[in-house]
Amino acid sequence: IAPISTTAERCIFTDASNKGFGIVYTTMTGDLETDTPVISRVFRGGLKSSHIFIREAAAAIWGIRHALRRRHWRNVKIHLVTDNSAVAFALQSLYSSNDVVCGWIRQLAMELKDAGCTLEVEQVPSAMNPADPPSRLAAFDNDILQLASAIGFYERPTDIGTTSLR
């Protein structure tokens with residue numbers, strides 16, 4: 001008889017569009033999915049006009065850093081899901097030929113190590129990425145987003161600055 005696993009895997013789905021980025025966080029314990037907050041942010045400044053690779057990398061790295069600020073995201077395996085194959089490769093290899101993204105990745109690697117976390121990265125088609133709709137809704141204000149915000153499943157859009165992720 002195999003022991004029942006009590007280890008939770010933390011999943012982060014990220015996506016970026018020309019409007020902003022979306023992030024969906026989930027916690028998986030066995031086959032049970034719990035805690036699914038959604039974040040949508042508007043790009044401004046340098047990131048708004050950046051290449052899609054930089055915007056996608058910013059979304060992924062910001063999403064992980066945002067999670068690491070929470071105590072229950074420490075000492076866990078983090079499964080990042082993105083629909084950008086170049087970002088998936090850069091995060092898996094901890095390298096990018098883009099100097100800005102490479103600096104972000106190096107900093108992220110240190111933060112993951114300090115938090116006792118391991119990172120697993122997967123690339124999926126956009127249609128299978130639950131962060132795709134929030135990345136496109138970043139600039140909208142409607143009743144559904146207001147309700148989701150009121151119950152804690154959505155963070156109101158704000159800007160994340162220029163090319164700095166902090």
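Described below are features of the structure shown in this document. (Residues numbered from 1 in each chain as written. Predicted model: local features only at pLDDT ≥ 70, side-chain atom pairs only at ≥ 80, totals over all residues. Heavy atoms only, no water.)

This paragraph deals with the packing of aromatic side chains. As enumerated under the stated definition, the model contains two aromatic pairs in all. Pairing Tyr25 with Trp73 gives two aromatic rings, centres 5.5 Å apart and planes at 80 degrees, and the pair type is edge-to-face. Residue Tyr25 is found in strand β2 (residues 20-29), and its partner Trp73 is found in the loop between α2 (52-68) and β5 (77-82); the two are separated by 48 residues along the sequence. Considered together, Tyr25 and Trp73 belong to a single accessibility category, that of buried residues. (Phe/Tyr/Trp six-rings, centres within 6.5 Å; stacked < 30°, edge-to-face > 60°. Helix = DSSP H or I, 4+ residues; strand = E, 2+ residues; numbered from the N terminus. Buried < 20%, exposed > 50% of the residue type's maximum accessible area, 1.4 Å probe, protein only.)

Given a rise of 1.5 Å per residue, 17 residues ought to cover 24 Å, and the 24 Å separating the end C-alpha atoms of α2 matches this to within 8%. Summarising burial for α2: 16 of the 17 residues are buried, a large majority. (Expected span 1.5 Å × (residues − 1).)

Let us now look at the environment of Val87. Among the structural elements, Val87 can be located in helix α3 (residues 85-93). Residues Val87 and Val101 lie 14 residues apart in sequence; the distance between their C-alpha atoms is 9.4 Å. Sequence-distant contacts of Val87, that is, excluding residues within four places in its chain, are made with Phe53, Glu56, Ala57, Ala60 and Thr82. (Contact = heavy atoms within 4.5 Å.)

Here we take up the pairing of β5. Of all six residues in β5, five are buried; the element is thus mostly enclosed. Note: strand β1 (residues 9-16) against β5, five bridges, orientation parallel. In the sheet register, Ile12 faces β5, and the bridge partner there is Leu80. Pairing analysis gives six bridges linking β5 to strand β6 (residues 118-123), with the strands arranged parallel. Counted as the bridge partner of Leu80 is Val121 from β6. (Pairing = 2+ DSSP bridges.)

What follows deals with the nonpolar core. Generally speaking, nonpolar side chains in soluble globular proteins are found buried as a group. Within the largest apolar cluster, 35 residues are counted, with the highest numbers of intra-cluster contacts made by Ile12, Tyr25, Ile78 and Leu91. For this core, the elements supplying multiple residues, two or more each, are β1, β2, α2, β5, α3 and α4 (99-115). Once residues lying within four places of it in the same chain are set aside, the contact partners of Leu91 are Ala60, Ile61, Leu80, Ile105, Leu108 and Val121. Counting residues in hydrophobic clusters, the runner-up holds seven residues, among them Phe13, Val38, Val81 and Val124. (Core = buried A, V, L, I, M, F, W, Y, C linked by side-chain atoms within 4.5 Å.)

With that settled, the discussion passes to the side chain of Asp15. Among the structural elements, Asp15 can be located in strand β1. It turns out Asp15 is buried and unbridged, and the closest side chain with the opposite charge, Arg136, is 4.4 Å from it. Separated by 3.0 Å, the side chains of Asp15 and Ser135 make a polar contact. For Asp15, the contacting residues outside a window of four places in its chain are Gly20, Phe21, Gly22, Glu56, Ala59, Asp83, Asn129, Ala131, Asp132, Ser135 and Arg136. (Lys, Arg positive; Asp, Glu negative; His and termini not counted. Salt bridge = Lys/Arg side-chain N within 4 Å of Asp/Glu carboxyl O. Polar contact = N/O pair within 3.5 Å; in protein donor to acceptor, adjacent residues only side chain to side chain.)

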